[in-house]
Amino acid sequence: ANLNSVAFGNGRYVAVAQGGAVYWSIAADAWTAANSTVTVNLRNVAYCEGRFLAVGDSGTLIQSVDGANWQEIPTGTSEQLNAVISNSSRDFMICGANGTILVSNDGFAWRTVDAGVTDSLYGACVGGTSIVAVGARGTIIQTGSFGPRLARFRVVGDAINAEAYGDAGSICNIEASDSMEPGSWWDFRSVTMLEGATPVTLPLEADARRFYRIVIQ
């Protein structure tokens, strides 16, 4: 089977593969097959808050504490799921095909979040409580917390076209930095959020590398 993802936690490695195959190992030199309870392709596995979570086709999510014994968890979607993560606040997120984003406070009860995109999302990472997800056609989604407050970025020509999603009337702060070092960010622009998508256009600097982030209050 083609192996798609590997994670480490609780003193062991877990790898997931096509056809629902799961393998675990203590030292990554000898591997044991586990009963995943599913037969669909598994595309990503991560160690999240004391247990392994693996996602895959047809809305599949399975979880295990030891990598050997697995339990399937309903997600409420049939979309292909490509990545699963958790943040330092013990929130969980899954992203997948057609802009699918699922969030959970415990990893068991999941709800769908409208990210304002239909492009498939393939990967995600966490920095503190923030999350960035990336996908097809240059789509980048950023949020300061796991919930409906999202920002979408896409480079078009000589500008970065962004869309921010949040509560209408709230303030969206655009901050800029030339280095991304702590303390280097400054207020670049503030925008009042609209109902639905709030467009934000940021210039691409020709003579300097500049970074932007959107902070939604």
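Residues numbered from 1 in each chain as written. Predicted model: local features only at pLDDT ≥ 70, side-chain atom pairs only at ≥ 80, totals over all residues. Heavy atoms only, no water.

A.B. asks: An account of the sheet that holds strand 4 (residues 32-34) is requested, with residue identities and associated values reported.
C.D. replies: One open sheet accounts for four strands, arranged 1-2-3-4; its pairing is antiparallel. Edge positions in the sheet fall to strand 1 (3-9) and strand 4, since each has one partner strand and no second. Strand-to-strand twist in this sheet, taken as the mean axis angle between neighbours without regard to direction, amounts to 25°. The pairing of strand 3 (residues 22-25) with strand 4 spans three bridges and is antiparallel. (Pairing = 2+ DSSP bridges. Helix = DSSP H or I, 4+ residues; strand = E, 2+ residues; numbered from the N terminus. Axes fitted to C-alpha atoms, helices over the stretch in contact; angles between N-to-C directions.)

A.B. asks: Give me the nonpolar core: which residues, what numbers.
C.D. replies: Side chains of a nonpolar character, in soluble globular proteins, are inclined to be buried together. Val 14, Val 22, Val 45, Ile 62 and Trp 70 are the most contacted members of the largest nonpolar core, which has 13 residues in total. Among the secondary structure elements, those contributing two or more residues to this core are strand 2 (12-17), strand 3, strand 5 (42-48) and strand 6 (51-56). Val 14 has contacts with Ser 5, Val 6, Ala 7, Val 22, Tyr 23, Trp 24, Trp 31, Val 45, Phe 52, Gly 67 and Trp 70, leaving out every residue within four places of it along the chain. (Core = buried A, V, L, I, M, F, W, Y, C linked by side-chain atoms within 4.5 Å. Buried < 20%, exposed > 50% of the residue type's maximum accessible area, 1.4 Å probe, protein only. Contact = heavy atoms within 4.5 Å.)

A.B. asks: Now, about the sheet that holds strand 9 (residues 81-86): what can you tell me, with residues and values included?
C.D. replies: Read across the open sheet, the four strands follow the order 9-10-11-12; overall the sheet is antiparallel. This sheet does not close on itself; its edge strands, each paired only once, are strand 9 and strand 12 (111-112). As judged from the four bridges shared by strand 10 (residues 92-96) and strand 11 (residues 101-104), these two strands associate in the antiparallel manner. Within strand 11, the residue paired with Met 93 across the bridge is Val 103.

A.B. asks: Run through unusual backbone geometry, naming residues and quoting values.
C.D. replies: Unlike most non-glycine residues, Thr 37 shows phi in positive territory, near 75°. Locating Thr 37 in the fold gives a position in the loop between strand 4 and strand 5. On the basis of relative accessibility, which here comes to 43%, the residue Thr 37 falls in the partly exposed class. Notably, Asn 98 is not glycine yet its phi reads approximately 55°, a positive angle.

These figures come from the coordinates and say nothing about function on their own.
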